[in-house]
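# Per-entry structural report
What follows is each chain in one-letter form.
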Amino acid sequence: MYFNRITLIGFLGSDAEKKVSNGANIAVFSLATKTSWKNDAGTCESRTEWHRCVAFGKLADFAGTFGKGAHVAIEGEIRSHEYQREVAVNDHRTLIPQRVFEIRVDSVLKLDRAARGESNDGGDPEVPR
């Protein structure tokens, strides 16, 4: 049996980037999650992790509307791919393999509350799979 699922709740670091590739809509965004703890001295410390998230199709249309600071919950699977990155040292250029991990988003839920003065038309802020 295999299981590759991830659920993240966090905030967007910048506006979602909308793209079109081979006729398919794509939205790419960075999601920040934060972990906090107290160290041995009793001082609070924290670490922020950044997650590259990619949505496709109608889900990309919805996710593409997210702006910096949007609070969202996403579900999906972790994927990785490798590409050749060019590195220059002085006049010498070389290619090194670079592995990138990203979340292929299957479901998005926008957690932000409606701004004051906006009406709630009862629309579901979640886009189904």
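Residues numbered from 1 in each chain as written. Predicted model: local features only at pLDDT ≥ 70, side-chain atom pairs only at ≥ 80, totals over all residues. Heavy atoms only, no water.

## Notes on the pattern of salt bridges
What the rule picks out here adds up to nine salt bridges. Glu102 serves as the salt-bridge partner of Arg52, at 2.9 Å between the closest nitrogen and oxygen. Here Arg52 is found in strand E4 (residues 44–56), whereas its partner Glu102 is found in strand E6 (residues 92–110), with 50 residues between them in sequence. Classification of Glu102 as buried rests on a relative accessible area of 15%. Here the salt bridges do not stand alone but share partners, grouping Arg5, Glu75, Arg104 and Asp106 into one network. (Salt bridge = Lys/Arg side-chain N within 4 Å of Asp/Glu carboxyl O. Helix = DSSP H or I, 4+ residues; strand = E, 2+ residues; numbered from the N terminus. Buried < 20%, exposed > 50% of the residue type's maximum accessible area, 1.4 Å probe, protein only.)

## Focus on the packing of aromatic side chains
Both the distance between ring centres and the angle between the ring planes are used here to describe each pair of aromatic rings. Per the counting criterion, the structure on display carries two aromatic pairs. The interplanar angle of 80 degrees and the centroid separation of 5.2 Å between the aromatic rings of Phe62 and Phe66 together place this pair among those described as edge-to-face. Of the aromatic side chains, those joined through ring pairs into one cluster are Phe29, Phe62 and Phe66. (Phe/Tyr/Trp six-rings, centres within 6.5 Å; stacked < 30°, edge-to-face > 60°.)

## Looking at the pairing of strand E5 (residues 71–89)
With six bridges joining them, strand E1 (residues 6–12) and E5 adopt antiparallel strand pairing. The partner of Ile6 across the bridge, within E5, is Gly76. Bridge analysis of E5 against E6 gives 18 bridges, and the strand direction is antiparallel. Bridged to Tyr83 within E6 is Gln98. Taken together, E5 and the strand that follows it, E6, pair antiparallel across an intervening segment of two residues, in which Asn90 is found at a positive phi of about 55 degrees. (Pairing = 2+ DSSP bridges.)

## Structural notes on the nonpolar core
Counting residues in hydrophobic clusters, the biggest one holds 19 residues, and the most contacted among them are Leu12, Phe29, Phe66, Ile74 and Val105. Counting residues per element, the ones that place at least two in this core are E1, strand E3 (24–38), E4, helix H1 (57–63), E5 and E6. Excluding anything up to four places from it in sequence, Phe66 contacts Leu12, Asp15, Ala16, Val72, Val108 and Lys110. (Core = buried A, V, L, I, M, F, W, Y, C linked by side-chain atoms within 4.5 Å. Contact = heavy atoms within 4.5 Å.)

## Re the pairing of E3
As defined by bridge partners, E1 adjoins E3 across two bridges and the pair is classed as antiparallel. In the sheet register, Phe11 faces E3, and the bridge partner there is Ala32. Of the strand pairs in this sheet, strand E2 (residues 17–21) and E3 are connected by five bridges, and their pairing is antiparallel. Across the sheet, residue Val20 finds its bridge partner in E3, namely Asn25. Counting the residues between successive antiparallel strands, the hairpin from E2 to E3 contains two residues, one of them, Asn22, with a positive phi of roughly 50 degrees. Pairing of E3 with E4, which is carried by 13 bridges, proceeds in the antiparallel orientation. Bridge pairing in E4 links Leu31 to His51. Counted along the chain from E3 to the antiparallel partner E4, the turn is five residues long, and its residue Gly42 has a positive phi close to 85 degrees.

The analysis is restricted to geometry; functional conclusions fall outside its scope.
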